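One-letter residues, chain by chain:
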Amino acid sequence: MESIYLAIVLAPLLGAAVAGLLGRQVGRAGAHSVTIAGVAVSFFLSAYVFWQHAVAGAAPYNDSVYTWMVADGFRFEVGFLVDRLTALMMLVVTFVSFMVHIYTIGYMRDDPGYQRFFALISLFTFSMLMLVMANNFLQLFFGWEAVGLVSYLLIGFWFRRPSAIYANLKAFIVNRVGDMAFVLGIAALVLHTSSLDYATLFARAEELSGITLSLLPGTEWSLLSVACILLFIGAMAKSAQVPLHVWLPDSMEGPTPISALIHAATMVTAGIFMVARMSPLYEHSVAALGFILVIGAITAFFMGLIGLVQNDIKRVVAYSTLSQLGYMTVALGASAYAAGIFHLMTHAFFKALLFLAAGSVIIAMHHEQDMRRMGGLGKYMPVTYVTALVGALALIGFPGFSGFFSKDGIIEAVHLSSTPGAGFAYVLVLAGVFVTALYTFRMFFMVFHGEERFRHAPPPDHGQDDAHGHHGHGGEPHESPWVVTLPLVLLAIPSVFAGYLIGPLLFGDFFDGVLHVDPSRDVLAELGHHYHGVWGYLAHGFMMPPFWLAMAGLVSAWYIYLRRPGIARVARERLPWLHATLQRGYGFDAFNDAVFAAGTRRLGQFLWRFGDALIIDTLLVNGSSRAVGWAAGRLRLGQTGYLYHYAFAMIIGLLGLILAFAL
Amino acid sequence: MNLHLPDFAPVLPELTVMLMACAILVIDLFLPQERRHITYGLTQFTLLGGVALILVLATPDPRITFGGSYVADPLSDLLKSAVLLISAVVFLYARPYLQARELYKGEFYVLGLFGVLGMMVMISAHSLLTLYLGLELLALSLYALVAFNRDASAASESAMKYFVLGSIASGMLLYGMSLLYGITGSLNLTGVAAGIVAGLTSPDLNLALVFALAFVVVGIGFKLGAVPFHMWIPDVYHGAPTPVALFISAAPKIAGFAIAIRLLVDGLAPLQESWSGMLLVLAVLSLAIGNVVAIAQTNIKRMFAYSTIAHIGFVVMGLMVGNEQGYAAGMFYVLVYALMSAGGFGMIMLLSRKGFEADNLEDFKGLNDRSPWFAFVMLLLMFSMAGIPPTVGFYAKLAVLQSVIQADLIWLALFAVILSVIGAFYYLRVVKFMYFDKPVDDAPLTGSGDFNVVLSLNGLAMIALGLFPGVLMSLTAAVR
């Protein structure tokens, strides 16, 4: 199996190397062929591995394949831990990546950076696989940073746009904050176990849970709580949880395929995956779980609200992603790791689908992203319309679609959970269902139904113009080419049917021995007692509050945005403060700009002026040279040329020696 | 009373040099100016023959003769060979300069040979008297050599200063020696050491001994040119004809190092605690003054003078450590220093011609345009003086610093390194002038074949010895 795992990881890397380093030689077709071939190899082998582990029942594989170095008792290794969790993640990552690769052929057709783009998304696939397949913290961290780097490069793919540069820098810096905590968390664990290896660490979790640290004098902190919270702060940056979420909406500056691949389906779920992977540790820290639960619930609800006021189609989907990541986080906090991973998987499919559908719309609109200039597109692009509808229904959790199963599982789990903060979280996730349905169908109706606004002049406050915005709007909108619609269809299939895996994944034994849950908090097992097959679950769903809330949201969207479009305007005028607050994203950006960015710049200015320019340049460097020059000028005056001065100096020297040593 | 004839075998090299010097003095009288090269040839023959004799006669065991006042041991063999070889190089460098300025006279060689003889006596001295004898023979020759160009007022002035200050230093040394003799009742260095051990028990004598020691250290300090007994160096280097400055700067430092070993290490070993302290003061001051004041110089001979003082600081630091490792490091340094100094002055003489001394720093501007090869040679010399690896100057500094650190004087090592960094400035300034500035003088470089070859070898030795420092290092470690 080892060679298969290696092939899965290295095939995309090879593709990336060929497309990236030899892009000019292999040409556009060569670049996309070789990278798609690489990721296809990865996908089919991952499917085989998944089948081996999930169906054929292969034992988990955990071994190192390469020892980088051994230093001071620490082994730095590259190794793979492949169990059912990993296999599932590999399948999701390679499948979405494969779809996005194909889609990109159509989306990036006219872009001069075609080969570079393929090289980067293949490199991303490699990095993400390294992350999920890691069996030690070093490799996890490598993958963690590598996906961050590729994300940075891809957000700034159109590097001539100032807004793209701003966005990628922001993403990089915010992630740096999380990485700082992440590294500290790893360090705290490694310090006490002298091992980077997962298995060693998990085996000693019990023993670690007894260790306390004294971070501040007089206070006692549980080592595991500190380490878990620090690791989760790393996950907060990567998985865009409040308040480290600010980079994700801006990351939509990148091309749409990577928004789907990186900023919806895979990279942003790395944090969720990491926490699930570390479940043996997290189960020992109720404090960390409570923290996770609250952060997740806040993200799930309040980020969804912002989605209501966005006009850029991609930003709506981006806020929706934030909100859904919040749901996954809530699941982790409620110790329903399997539910979180399940939602991660279904979300990967339907959110990638929604992003790619949005991209298809954007192509049809000649790279126009403002929904106020769309409308009525449904009849022009039927495939996109139908697949987007599937994605939207999955997202709001309409019974029968994948999102229904995974989201319901989370909500039920939170309902049963006794972790501190669960009551608060339950209210927010429930309310979030309504919000989700409202913003999802607001977007859906504004784009595909109603008045064909693209025939009008742009609205006066139109500020989202980009480099592609001036192609003019000549000609009727039409359906995108097959390379675009094929992935939509292929993604729509799991978006519907992935949910029917709920039985084994949530209530079965699929994750036995992989995800560890303390029996006192095992809410999924409790739910499992009432689970009697998928159809019963489905029928049960129609009677539960989430369904009615989702329906309410859907109907409200229809009423407000199709039936009586005036309502939205009136609401905006009546509640300007609310609208402004949401429009500004609760002021996180303004706060960060004013306090952290400006503060750091001011600190930098101070250190530059005082530390560098004054202390180092003026005093130490120039000052010392000037002092030496001055001393030289002075001391040379001692060389007067007068013989008696010279003789005098000798006598003084003699007397000095006698005085100092003889007396 | 039986008259024992002393064993003359150990002093054969000295006897040869003395007899040859006298012979050359007479022969030269009968040579017309155009046959002066015979004098030169005989001088070189004497020096190289001396080296050959030393090597032939060398034995691993010390041989003491002349009633215990003279010693020939591996240390003296090495240092005397070095003195003779360096002097041969000096005479070779000097010839074109002297020829161009009507200074090509026999007296230069005769005085030079007597100076060399003085150095050899100093190196082999085993009693206070012999040591003083050698010192004075060298000093008197040098006074005359400095004034050799008697029509130049600067030369006469600096000779006068040198003479007066040298006399004071000699007087002090002699005074210290007489005190030592009074206390210990012996002139022989072994006897002196034994007498000191006996005398240390009495507190009164103890005081007198340290008192005597201070005078001796002044004498040695003056000879080496350590601060604050350094004042003569810049003026003498500046005023003396360049070949004489070269002569003074190179070989006599080796002899000065030898008398420090003979007097302090062999004769005054029981007082090591005291003289280590005194040398520490001299080393610190020399490093500071030498490196800092060199920066303010515009005349390259004066710059070399202060650079000498700084280098002597390192040599004294090695001595100060007071163990075999330190002595070996100091000896390595002084030998390397003599080579670097010879090369540096050689470069000045290469650039000079009749009526143009080339002793300003500016005169080196744009040397790379005029002669890339000799600019490179000068670069090697400057790098070596600054102590930049892989030149040998780096290893010299490293060896001394290692011994200092082993003696737990980290602060001193740091101080020396910081001042070496400051010192690197004025060496690198020369390199900058050569490579990055436009020439102010574009006369072709004059230099005969042998001059150019030896100067090139001199420069290349910096890198060759730097790549294989073990050759010289094992020699210095073996004799000490």
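Residues numbered from 1 in each chain as written. Chains lettered and ligands numbered in written order. Predicted model: local features only at pLDDT ≥ 70, side-chain atom pairs only at ≥ 80, totals over all residues. Heavy atoms only, no water.

Under an unreviewed UniProt entry, chain B has the name NADH-quinone oxidoreductase subunit N and belongs to Ectothiorhodospira mobilis. Listed in UniProt under the heading Catalytic activity (unreviewed entry), the comment for chain B reads: "a quinone + NADH + 5 H(+)(in) = a quinol + NAD(+) + 4 H(+)(out)". UniProt lists a comment for chain B under the heading Sequence similarities (unreviewed entry), and it reads "Belongs to the complex I subunit 2 family." (UniProt positions renumbered as here; feature names shortened; annotations may be inferred.)

In the nomenclature of an unreviewed UniProt entry, chain A corresponds to NADH dehydrogenase subunit L from the organism Ectothiorhodospira mobilis.

How should the overall build of chain B be read in this particular structure?
Of the regular secondary structure elements, chain B holds 20 helices and 2 strands. The buried share of chain B, reckoned over its 480 residues, is 62%. Long-range pairs, those at least 24 residues apart, make up 80% of the contacts in chain B between residues at least 6 apart in sequence. Element-wise, carbon and sulfur atoms account for 70% of the exposed surface of chain B, whose accessible area totals about 16600 Å². (Helix = DSSP H or I, 4+ residues; strand = E, 2+ residues; numbered from the N terminus. Buried < 20%, exposed > 50% of the residue type's maximum accessible area, 1.4 Å probe, protein only. Contact = heavy atoms within 4.5 Å. Areas by Shrake-Rupley, 256 points an atom, 1.4 Å probe, with all protein chains shown as cover.)

I'm lost on the overall build of chain A in this one. Help?
Looking only at helices and strands, chain A has 28 helices and 4 strands in total. The 663 residues of chain A split such that 57% are buried. Considering only contacts in chain A between residues 6 or more positions apart, those separated by 24 or more positions represent 80%. As presented, chain A carries roughly 26200 Å² of accessible surface, and 68% of it is formed by carbon and sulfur atoms.

Just to check I follow, could you spell out the pairing of strand β1 (residues 61–71) of chain A for this structure?
On a regular strand, each side chain points to the face opposite its neighbour's, so the side chains alternate between the two faces of the sheet. Pairing of β1(A) with strand β2 (residues 74–82) of chain A involves 9 bridges; the strand directions are antiparallel. Each bridged residue has a counterpart across the sheet, and for A:Met69 the counterpart in β2(A) is A:Phe76. (Pairing = 2+ DSSP bridges.)

Looking at this model, I keep getting lost on the packing of aromatic side chains. Mind explaining?
Where two aromatic rings form a pair, the distance of their centres and the angle of their planes describe that pair. Residues and elements named next belong to chain A. Taken as a whole, this structure holds 69 aromatic pairs over all chains when the rule is applied. Geometrically, the ring pair formed by Phe44 and Phe98 is edge-to-face, given 6.2 Å between the ring centres and 70° between the ring planes. With Phe44 in helix α2 (residues 23–55) and Phe98 in helix α3 (residues 84–107), this pair connects stretches of sequence that are 54 residues apart. Phe44 gets classed as exposed once you look at its relative accessible area, which sits at 52%. Through a chain of ring-to-ring contacts, the aromatic side chains of Phe404, Phe405, Phe497, Tyr500, Phe507, Tyr531, Trp535 and Tyr537 assemble into a single cluster. Taking NZ or CZ as reference, Arg116 lies 4.1 Å from the ring centre of Phe157, over its face. (Phe/Tyr/Trp six-rings, centres within 6.5 Å; stacked < 30°, edge-to-face > 60°. Lys NZ or Arg CZ within 6 Å of the ring centre and 35° of its normal.)

Is there a simple way to explain the interface of chain B and chain A in this structure?
By convention, interface size is frequently given as the accessible area that disappears when the constituent parts associate. Listed by partner, the interface residues are 34 residues for chain B and 22 residues for chain A. A combined buried area of about 2400 Å² lies between chain B and chain A, and 83% of that area is made up of carbon and sulfur atoms. Where chain B meets chain A, there are 6 residue pairs in polar contact (both at pLDDT 80 or more). Listing elements by their share of the side of chain B that touches chain A, those giving two or more residues are α6 (153–184), α8 (203–224), α9 (232–239), α12 (272–295) and α13 (300–321) of chain B. Per-class residue counts for the side of chain B that touches chain A are 26 nonpolar, 4 polar and 4 charged. (Buried area = accessible area lost by both parts, 1.4 Å probe. Polar contact = N/O pair within 3.5 Å; in protein donor to acceptor, adjacent residues only side chain to side chain. Nonpolar A, V, L, I, M, F, W, Y, C, P; charged D, E, K, R; others polar.)

How should I be thinking about the packing of helix α5 (residues 137–155) of chain A against helix α11 (residues 256–265) of chain A in this particular structure?
Residues and elements named next belong to chain A. Contact pair α5 / α11: the axes reach a minimum separation of 11 Å and the direction vectors enclose 155°. Between α5 and α11, the crossing angle belongs to the class labelled roughly antiparallel. Where α5 crosses over α11, the two elements pack in a sense that is left-handed. Contact residues: α5 offers Ser151, Leu154 and Ile155, while α11 offers Ile258, Ile262 and His263. When the residues that make up the contact of α5 with α11 are grouped by side-chain class, the tally is 4 nonpolar, 2 polar and no charged. (Axes fitted to C-alpha atoms, helices over the stretch in contact; angles between N-to-C directions. Parallel < 35°, antiparallel > 145°, perpendicular 65-115°, else oblique. Left-handed = near helix turned anticlockwise from the far one by under 90°.)

Teacher, can you tell me more about the confidence of the model for chain A here?
If pLDDT is low for a region, its predicted coordinates should not be looked at in detail. When pLDDT is averaged across chain A, the result is 89; 97% of the residues are at 70 or more. In this model, residues 462–473 of chain A is a region of pLDDT below 50 whose contacts with residues beyond four sequence positions or in other chains number 18 contacts. (pLDDT = per-residue confidence, 0-100.)

Would you take a moment to explain unusual backbone geometry for this structure?
Residues apart from glycine generally show negative phi values, whereas peptide bonds are mostly found in trans. Here the residue pair A:Val242 and A:Pro243 is connected by a cis peptide bond, since its omega of 5° sits within 30 degrees of zero. Inspection of the secondary structure puts A:Pro243 in the loop between α9 (223–238) and α10 (247–250). B:Pro390 follows B:Pro389 through a cis peptide bond whose omega is 5°. Here B:Pro390 lies in the loop between α16 (372–386) and α17 (392–406). For A:Ser335, which is not a glycine, the phi torsion comes out positive at approximately 65°.

Please clarify how the pattern of salt bridges should be interpreted in this entry.
Where charged atoms of side chains with opposite charge meet at close range, the side chains can pair. According to the stated counting rule, one finds 26 salt bridges over all chains in the structure shown. A:Arg373 is paired through a salt bridge with A:Glu368; the nearest N and O atoms lie 2.7 Å apart. Each member of the pair, A:Arg373 as well as A:Glu368, carries the same accessibility label: buried. For B:Arg262, the salt bridge identified is with B:Asp73, shortest N-O distance 3.1 Å. With B:Arg262 in helix α11 (residues 251–267) and B:Asp73 in the loop between β2 (70–72) and α3 (74–100), the pair connects residues that are 189 residues apart, well separated along the chain. The exposure class of B:Arg262 is buried, given its relative accessible area of 1%. Counted as one network, the salt bridges with shared partners bring together A:Lys170, A:Asp250, A:Arg315 and A:Asp589. (Salt bridge = Lys/Arg side-chain N within 4 Å of Asp/Glu carboxyl O.)

Help me out: how do you make sense of the packing of helix α17 (residues 382–396) of chain A against helix α19 (residues 422–448) of chain A in this one?
Packed helices, taken two at a time, are described by their axes: the angle between them and the distance between them. All names here are of chain A. Interhelical geometry of α17 versus α19 gives an angle of 170° and a closest axis separation of 9 Å. Here α17 is positioned roughly antiparallel relative to α19, judged by the angle of their axes. Only Val433, Thr436, Ala437, Tyr439, Thr440, Phe441, Phe444 and Phe448 of α19 make contact with α17, whose side of the interface consists of Thr384, Tyr385, Ala388, Leu389, Ala392, Leu393, Leu395 and Ile396. Within the contact of α17 with α19, the residues separate by chemical class into 13 nonpolar, 3 polar and no charged.

Would you mind showing me how to read the side chain of B:Ser456 here?
All names here are of chain B. Secondary-structure assignment places Ser456 in helix α19 (residues 449–467). For Ser456, the side chain forms a polar contact with the side chain of Trp373, separated by 2.9 Å. Excluding residues within four positions of it along the chain, Ser456 makes contact with Trp373, Phe374 and Val377.

What is the right way to look at the confidence of the model for chain B in this model?
Residues and elements named next belong to chain B. Across chain B, the average pLDDT comes to 91, with 99% of residues at 70 or higher. Predicted confidence in chain B is weakest over helix α20 (residues 470–479), with a mean pLDDT of 86, and strongest over α13, with 95. Confidence estimates for the predicted assembly give a pTM of 0.66 and an ipTM of 0.90.

Teacher, can you tell me more about helix α6 (residues 162–193) of chain A here?
An α-helix turns once per 3.6 residues; consequently, residues spaced three or four apart project the same way. The end-to-end C-alpha distance of α6(A), which contains 32 residues, comes to 46 Å, matching closely the 46 Å that a straight helix rising 1.5 Å per residue would cover. A:Ser194 lies just past α6(A) and shows a positive phi near 55°. (Expected span 1.5 Å × (residues − 1).)

Looking at this model, I keep getting lost on a nonpolar patch on the surface. Mind explaining?
Residue and element names in this part refer to chain A. Together, Leu603, Phe606, Leu607, Phe610, Leu614, Ile616, Leu619, Leu620 and Val621 give the surface a local cluster of nonpolar side chains, amounting to about 830 Å² of exposed area. As for its placement among the helices and strands, Leu620 is situated in helix α27 (residues 588–636). Note on Leu620: relative accessible area 52%, which makes it exposed. (Patch = residues over 30% accessible without salt bridge, like charges linked within 9 Å, V, L, I, M, F, W, Y side chains within 5 Å.)

Just checking my understanding: could you explain helix α4 (residues 106–124) of chain B for this structure?
Look at α4(B): 27 Å from first C-alpha to last across 19 residues, which is about the 27 Å you get at 1.5 Å a residue. For α4(B), the buried fraction is high: 17 of the 19 residues fall into the buried class.

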